[in-house]
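Secondary and tertiary structure notes
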Amino acid sequence: MHYVVGPAWQAGAAWMYPREDFSYQAMGLAVRQADSGTPLTTDGEVRNPLAMTGSHPTLQLPAVVTVINLENGREITIRVNERGPAETGRILGLSRRAADLLGVGAGPARVRIIEDEVTSRQLAEQLPGGPMLQISAAPREAVKQTDLASPVAGTESRGVSSTTEQSAVSAAQGTGPTPVQLPDLPVQWRQGQPVATQLWVETADFTARGAAARLAAQEGARSGLLSHHKARCGLSDKDLLRL
């Protein structure tokens, strides 16, 4: 496994530009991840639909995020390890297990995403290919060493500069380091408070307000005349039911 930002990629007609963002928060639509025939995720993990994982268009991989289903108040924690979803307008894909626990069905769900900054930074720093920490250090003197056992005297070994050290690290990473096995996140969900949505459901339309009000009372809803919605959508002068 390795730390991944990756190049720009296309989701439908939109281009996505991955970047490091350790304080990411957003609201949008989450969907179930489509089954993939590849055995590994984008960051090199073994694909497991029963793990608490997901996909994101731009976040560095891997990253740990809390996902809140605004429609039912459920919360889960997942590790984002894949690029996606491929559908335009979706900001998160969920593994089968994560979608089940969050209460996401076949259609998209409105969610809020909050990145765990501390955990995500720790992952970025410990995995190969992650950002190098800039640590100031005092300059070191060159070290001379003479091999007394050697017939040729005067052999020197000088101190290695920081540039040489970074090159050595890069070379070691390029030779294929031992994959890092990240622990699975707990398969659990927490119950929070749902957030009221602004969805309008039209069950019938009428030319008279009285008939709409009677049906609204039967359905446990209330009727309202949405003049701004009518004007925008070109509807006739009819009452809609607000559920």
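What you see is a predicted model, and the numbers here were worked out from it, not measured in a lab.

**Regarding the overall build of the chain**
Secondary structure summary: the chain contains five helices and 11 strands in total. Counting over 243 residues, the chain shows a buried share of 31%. Roughly 14,900 Å² of accessible area belongs to the chain as shown, and the carbon and sulfur atoms make up 54% of that amount.

**What about the pairing of strand S5 (residues 63-69)?**
Among the seven residues that make up S5, six are buried, leaving the element largely enclosed by the rest of the structure. Two strands pair when backbone bridges link them, and S5 and strand S6 (residues 74-83) are joined in this way by six bridges, in the antiparallel orientation. Bridge pairing in S6 places Thr-66 opposite Thr-77. Hairpin geometry of S5 and S6 is characterised by an intervening segment of four residues between the two adjacent antiparallel strands and by a positive phi of about 85° at Gly-73. Judged from the five bridges that link them, S5 and strand S8 (residues 109-115) form a sheet pairing that is antiparallel. Looking at S8, one finds that Ile-68 is bridged to Arg-112.

**As for helix H2 (residues 117-126)**
Of all the positions in H2, only Ser-120, Leu-123 and Ala-124 are classed as buried. For H2, the angular spread of buried residues about the axis comes to 100°, placing them on one side. Packing partners of the buried residues in H2 comprise S5, S6 and S8. The distance from a side-chain oxygen at the start of H2 to the backbone nitrogen of Val-118 is 3.4 Å, and the residue carrying that oxygen is Asp-116.

**Some words on the environment of Trp-189**
Looking at the element boundaries, Trp-189 is found in the loop between helix H3 (162-174) and strand S9 (190-191). Between the C-alpha atom of Trp-189 and that of Ile-68, which follows or precedes it by 121 residues, the distance is 9.8 Å.

**Some thoughts on the packing of aromatic side chains**
For the coordinates displayed, the defined rule picks out zero aromatic pairs. Over the face of the ring belonging to Trp-189 we find Arg-74, whose NZ or CZ atom lies 3.8 Å from the ring centre.

**Focus on the pattern of salt bridges**
Per the stated rule, a full pass over the model turns up five salt bridges. Among the salt bridges present, the one from Asp-100 reaches Arg-32, with a minimum N-O distance of 2.3 Å. Here Arg-32 lies in strand S3 (residues 25-32) and Asp-100 lies in helix H1 (residues 96-102), a separation of 68 residues in the sequence. Note that Glu-82 and Arg-47 form a salt bridge whose closest N and O atoms lie 2.5 Å from each other. Taken together, the residues Glu-82 in strand S6 and Arg-47 in the loop between S3 and strand S4 (53-56) connect sequence positions 35 residues apart. Among the residues examined, Arg-47 registers a relative accessible area of 23% and is labelled partly exposed.

**Description of the nonpolar core**
Grouped together as the largest cluster of nonpolar side chains are 23 residues, with contacts concentrated most on Val-67, Ile-76, Ile-78, Leu-92 and Leu-94. For this core, the secondary structure elements donating two or more residues are S5, S6, strand S7 (90-94), H1 and S8. If we skip the residues at most four places from it in the chain, Ile-78 touches Met-52, Thr-53, Gly-54, Ala-63, Val-64, Val-65, Val-67, Leu-92, Leu-94, Ala-98 and Leu-185.

**Quick word on the pairing of S7**
The element S7 is extensively covered by neighbouring structure, given that four of its five residues are classed as buried. Bridge count for S3 against S7 is four bridges, and the pairing is parallel. Bridge pairing links Arg-32 to Leu-94 in S7. For S4 and S7, the ladder comprises two bridges, and the chain directions are antiparallel. Within S7, the position partnered with Ser-55 by the bridge is Gly-93.

**A look at the confidence of the model for the chain**
Residues with a pLDDT of 70 or more make up 65% of the chain, whose mean pLDDT is 76. A low-confidence stretch, residues 150-177 stays under pLDDT 50, and its non-local contacts, those more than four residues away or across chains, total 20 contacts. Contacts from residues 225-243, a stretch scored under 50 in pLDDT, to residues over four places away or in other chains number 41 contacts.

Cut-off values and rules
Residues numbered from 1 in each chain as written. Predicted model: local features only at pLDDT ≥ 70, side-chain atom pairs only at ≥ 80, totals over all residues. Heavy atoms only, no water. Helix = DSSP H or I, 4+ residues; strand = E, 2+ residues; numbered from the N terminus. Buried < 20%, exposed > 50% of the residue type's maximum accessible area, 1.4 Å probe, protein only. Areas by Shrake-Rupley, 256 points an atom, 1.4 Å probe, with all protein chains shown as cover. Pairing = 2+ DSSP bridges. Arc of directions from axis to C-beta. Contact = heavy atoms within 4.5 Å. Polar contact = N/O pair within 3.5 Å; in protein donor to acceptor, adjacent residues only side chain to side chain. Phe/Tyr/Trp six-rings, centres within 6.5 Å; stacked < 30°, edge-to-face > 60°. Lys NZ or Arg CZ within 6 Å of the ring centre and 35° of its normal. Salt bridge = Lys/Arg side-chain N within 4 Å of Asp/Glu carboxyl O. Core = buried A, V, L, I, M, F, W, Y, C linked by side-chain atoms within 4.5 Å. pLDDT = per-residue confidence, 0-100.

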